[in-house]
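Here is what each chain is made of, one letter per residue.
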Amino acid sequence: MGKKQENRNVPAQEISLSLPKGKKIYFLSDAHLGAPVLSNNRERELRLVNWLEGIRQDCEALFLLGDIFDFWFEYKRSVPKGYIRFLAKICEFTDAGIPVHFFTGNHDIWAFDYLPQQCGVILHTKNEFFNINGKHFLIGHGDALNPKDKGYLFLYKIFHNRFLQKAFRWVHPDLGILLAQKWSSHSRLENGHIEADSFRGEEQEEIVRFCRDTLSRRHFDYFIFGHRHLPIDLALTPGSHYINTGDWITYDSYAVFDGENLELVIQKQK
């Protein structure tokens, strides 16, 4: 792995968090709210909002690990319509002093200042290193971790190019969002089904290979990612675990850390 790739995916600086007794930290990803190929967007949003209300009393911090929206792009004076109930609930969290860490995924890359300014979230556009109660976490969405996937990394660079992002703002929102929905329908979601299959084996899982490669240079107690749409709790070594938070389409799954232990919770079975 080259130096540039390593620096982006394994940051050197840690963010320290302290978890008071009785409080917990929650992690979830891949709700894909507004996905045009899914017919239950309102129902899933309501399930997610109800779950957020249920955890609010003991939640010390909330981590949203990307692809919360199936598409998100902030124009100068407009944002995609919808998600009112979800965004209002996030505002309740931040207004109450509960930090919400929002990591951009490959479907909601184009989050800039609207969510931080209007909803109070802490925006992350790359993997981050957290020290929580003495445990070391590497947290991110989980895409663009394979340096050999040149095609995906090329698209990654295009979508993260500041000039092209600004140029896209000149496309009328009605057309821009339509184009994005067409792209999404040919991406991970197709005909209402998820392409995420069963566990492929450690050598075939890109995130697992990335975690093991990272562990050869630096210890982390927990690697927490989304993107895969499959809940995974894999012991990499006796002292290190890879957790994938799954999704809120098939599994309604999430991870929760109580200061000592991290648990992966699957509310629905496939």
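Anything mentioned here points back to the structure above.
Worth saying up front: this structure is predicted, and the values here are computed from it rather than measured.

## What to know about the pairing of strand β2 (residues 24-28)
Next up, step 1: With four of its five residues buried, β2 lies for the most part within the structure.
Next up, step 2: Relative to strand β3 (residues 59-64), β2 runs parallel, the two being bridged by five bridges. Opposite Phe27, over in β3, you have Phe63 as the bridge partner.
Next up, step 3: A crossover links β2 with its parallel partner β3, the connecting element being helix α2 (residues 41-55), and its sense is right-handed.
Next up, step 4: With three bridges connecting them, β2 and strand β13 (residues 253-257) associate as antiparallel partners. Paired with Ile25 across the bridge in β13 is Phe257.

## A look at a positive patch on the surface
Next up, step 1: A cluster of basic residues, Lys76, Arg77, Arg162 and Lys166, forms a positive patch at the surface.
Next up, step 2: By the secondary structure assignment, Lys166 is in helix α6 (residues 162-168).

## Here we look at helix α8 (residues 206-215)
Next up, step 1: Among the residues of α8, Ile207, Val208, Phe210, Cys211, Thr214 and Leu215 are the ones counted as buried. Taken around the axis of α8, the buried residues stretch over an arc of 160°, which confines them to a single face.

## Considerations on the side chain of His101
Next up, step 1: Mapped onto the elements of the fold, His101 is located in strand β4 (residues 100-103).
Next up, step 2: A distance of 2.9 Å separates polar atoms of two side chains, one belonging to His101 and the other to His124.
Next up, step 3: Leave out the neighbours within four places in its chain, and His101 touches Leu62, Phe63, Leu64, Ile122, His124 and Phe130.

## A closer look at helix α3 (residues 84-95)
Next up, step 1: For α3, with 12 residues, the first-to-last C-alpha span of 16 Å sits near the 16 Å given by 1.5 Å per residue.
Next up, step 2: Considered for burial, the residues of α3 that qualify are Phe86, Leu87, Lys89, Ile90, Phe93 and Thr94. Mapping the buried residues of α3 onto a view down its axis gives an arc of 160°, with all of them on the same face. Along α3, the residues that are exposed and aim more than 90 degrees away from the buried face are Ile84 and Asp95.
Next up, step 3: Just downstream of α3, Gly97 is the residue with a positive phi angle, here 85°.

Rules of the game
Residues numbered from 1 in each chain as written. Predicted model: local features only at pLDDT ≥ 70, side-chain atom pairs only at ≥ 80, totals over all residues. Heavy atoms only, no water. Buried < 20%, exposed > 50% of the residue type's maximum accessible area, 1.4 Å probe, protein only. Helix = DSSP H or I, 4+ residues; strand = E, 2+ residues; numbered from the N terminus. Pairing = 2+ DSSP bridges. Right-handed = clockwise from strand over helix to strand, strands pointing away. Patch = residues over 30% accessible without salt bridge, like charges linked within 9 Å, V, L, I, M, F, W, Y side chains within 5 Å. Areas by Shrake-Rupley, 256 points an atom, 1.4 Å probe, with all protein chains shown as cover. Salt bridge = Lys/Arg side-chain N within 4 Å of Asp/Glu carboxyl O. Lys, Arg positive; Asp, Glu negative; His and termini not counted. Charge placed at Lys NZ, Arg CZ, Asp CG, Glu CD. Arc of directions from axis to C-beta. Polar contact = N/O pair within 3.5 Å; in protein donor to acceptor, adjacent residues only side chain to side chain. Contact = heavy atoms within 4.5 Å. Expected span 1.5 Å × (residues − 1).

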